[in-house]
Amino acid sequence: LKPQPFFVSQTRLLFPEVGPRAVGRAGAMLDSLFIITASGGYVVERHFRGTTPRLACEPLVERLRSEEHLDGLPGVMCVNRRQALIHILREKMVFLAVVTQEEPPLAVFELLDRVYQVLLRYFGEVSEDSLRQNFSTVYLLLDEMIDSGLPFTTELNSLESIIAPPSTMGKVVQAVSGSSSHVLSDVPPEATGQGGPLSSLTSALGGSTHTQIGGASAEVWWRRQNVVYASNEVYVDIVESVDCICNSNGQIISGGVSGDVLVNSKLSGLPEVLLTLRNPGVMKNVSFHPCVRLHRYERDKALSFIPPDGEFALASYWLPDTTLNLPFHFSTSVTYHAEHGKIQLSANPKMAVTMQHKQMLIDKFVVNVRLPDHICGANLACQGGNIRFDEDTNIVVWNIGKLSGQENKAEGTLTYSSDFKDSSPQKSSEEKCIAQLAFVIKGWSISGIRLDSCDVSGTNYTPYKASRYTTASGRIDWRLA
């Protein structure tokens, strides 16, 4: 199951406002940062406290080259008495931190994920090719984000005001003007004697490197200055993920919900936004973006803030709950007879839930059932979707797609592998199997949290406002009868 997100105090300490916060603290969170491909190739390495040899990373690299399923690798590996390796896997790229002192692993995980999110925002994808094509920008970002091994500037708006995101127009301007600097300046070119025909061309093409560095003010450092939009809009997405273990009767034994309140702000000026929530008690174990006024939330349970420009995560929360009401019925069984086995599956939406929330849509519903090694084949048929047996992994894959009101069933016979001695079928032992479910539900949040209102003040325009709800499966293990 997913770890709980940081509480407010932990998030604020981990990612403070832009400024020298490393003073007064001994040591560093990271000694070195490596970005490695899933096949073990080194793409980026940045050292903050001395040089860490690649030999220290070899235990993890060897596991990368030998393991088929990289998700099973431990997130923390102790190499020796001096060094530990902490890594995350994103888009078949491994973000690896080398630490030599006691640090909270969750804090390192969060910092590595923030590095990934920033690179994703800048380049659109995080792959070996995109990192190599934007090599200088990657190192400039790492230098701004991590200072002496500690988090420094991690806010996207602040980074974009310092380092220009790469673009096709920017590459054209660089080719024409001969400039290769990605670092923005708040000093006009004329003041440094760099004006001329090329600067006029650069300005005309929209590739000027003159900007105002810093936030709108010292108190609002997360929002860039002079934001202007022709069409002012703000979108709020509540995205929740369910992680749980269910028994054969469908009762949740262990699990919970992790959620994010995502905001996409395209508002001019310096607006004030107020979000009021229905059922705010869901957000108990919660971490906030630094723009949220904590005293207002503690008093009124309302989210008051001046938003950064663009997309950002306003809040993240974790709700441990074993009384969750999944919006569908699911049952499955695998039985073993003398000559063959039998598998039965069924999945249908709960009408009581779907009738109450008519806008909800259960989509991309997929069931994976891993069978014992003694099963060598399966003859399967289904009513609704398509079903197949993967002989390489011994997994039955039932792809239903949209889970509508019709009855969805699947069944089939299982073939045992033959004994090499007498060619008799090897009857499988009563081995318990697990089904893993995947789905996406649009227009519904499983925790019950809802957005009551979104008010924008401090402006002379009326923005367009919209909200969406999405519930997706994290890891759901369903024990078979």
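Remember, it's a predicted structure, so these values are computed and weren't measured experimentally. (Residues numbered from 1 in each chain as written. Predicted model: local features only at pLDDT ≥ 70, side-chain atom pairs only at ≥ 80, totals over all residues. Heavy atoms only, no water.)

A count of helical and extended segments in the chain gives ten helices and 23 strands. Within the chain, buried positions represent 46% of all 481 residues. Put simply, of all contacts in the chain between residues at least 6 apart along the chain, 70% involve residues at least 24 apart. For the chain, the exposed area adds up to about 23900 Å²; of that, 49% sits on carbon and sulfur atoms. (Helix = DSSP H or I, 4+ residues; strand = E, 2+ residues; numbered from the N terminus. Buried < 20%, exposed > 50% of the residue type's maximum accessible area, 1.4 Å probe, protein only. Contact = heavy atoms within 4.5 Å. Areas by Shrake-Rupley, 256 points an atom, 1.4 Å probe, with all protein chains shown as cover.)

Below, the discussion takes up the packing of aromatic side chains. The tally for this structure, following the rule as stated, stands at twelve aromatic pairs. A centroid spacing of 5.1 Å and a plane angle of 85° characterise the contact between F328 and F365, whose relative ring orientation is edge-to-face. Taken together, the residues F328 in strand β14 (residues 328-336) and F365 in strand β16 (residues 361-370) connect sequence positions 37 residues apart. Each of the two residues, F328 as well as F365, counts as buried. A centroid spacing of 5.3 Å and a plane angle of 70° characterise the contact between F328 and F439, whose relative ring orientation is edge-to-face. Residue F328 is found in strand β14, and its partner F439 is found in strand β21 (residues 434-442); the two are separated by 111 residues along the sequence. Here the two residues F328 and F439 agree in accessibility, since each one is buried. Every member of this aromatic cluster is reached through a ring pair, and the members are F328, F365 and F439. Lying across the ring of Y469, R450 places its NZ or CZ 4.0 Å from the centre. (Phe/Tyr/Trp six-rings, centres within 6.5 Å; stacked < 30°, edge-to-face > 60°. Lys NZ or Arg CZ within 6 Å of the ring centre and 35° of its normal.)

Another point: the side chain of H289. Examined against the element boundaries, H289 turns out to sit in the loop between β11 (285-288) and α9 (294-300). The exposure class assigned to H289 is buried, which follows from its relative accessible area of 8%.

In a regular helix each residue adds 1.5 Å, so 19 residues correspond to 27 Å; helix α3 (residues 105-123) covers 27 Å between its end C-alpha atoms and thus fits that length. Of the residues making up α3, those classed as buried are A107, V108, L111, L112, D113, V115, Y116, V118, L119, Y122 and F123. Taken from the residues just after α3, G124 is the one with a positive phi, measuring 85°. (Expected span 1.5 Å × (residues − 1).)

Tallying each qualifying case throughout the model produces zero disulfides. Here C244 stays unpaired: no disulfide links it, and the sulfur of C246, its closest cysteine neighbor, is 3.8 Å away. (Disulfide = S-S within 2.5 Å.)

Pairing of strand β8 (residues 233-246) with strand β9 (residues 252-266) involves 14 bridges; the strand directions are antiparallel. When the bridges of β9 are listed, V239 appears paired with D260. The antiparallel pairing of β8 with β9 creates a hairpin that spans five residues between the two strands, and G250 there sits at a positive phi of about 90°. With ten bridges connecting them, β9 and strand β13 (residues 310-320) associate as antiparallel partners. (Pairing = 2+ DSSP bridges.)

What follows concerns the side chain of N134. Turning to its location among the elements, N134 is positioned in the loop between α4 (128-133) and α5 (135-145). Residue classification places N134 among the buried positions, given a relative accessible area of 12%. Excluding residues within four positions of it along the chain, N134 makes contact with F123 and P166.

Turning our attention to the sheet that holds strand β5 (residues 93-99). Read from one edge of the open sheet, five strands run β2-β1-β5-β4-β3, paired in antiparallel fashion. Strands with a single pairing partner mark the edges of an open sheet, and in this sheet they are β2 (42-47) and β3 (76-78). The average undirected angle you get between the axes of adjacent strands in this sheet is 20°. The pairing of strand β4 (residues 84-90) with β5 spans seven bridges and is classified as antiparallel. Pairing of H87 across the sheet is with L96, part of β5. (Axes fitted to C-alpha atoms, helices over the stretch in contact; angles between N-to-C directions.)

All quantities given are derived from atomic positions and should not be read as evidence of function.
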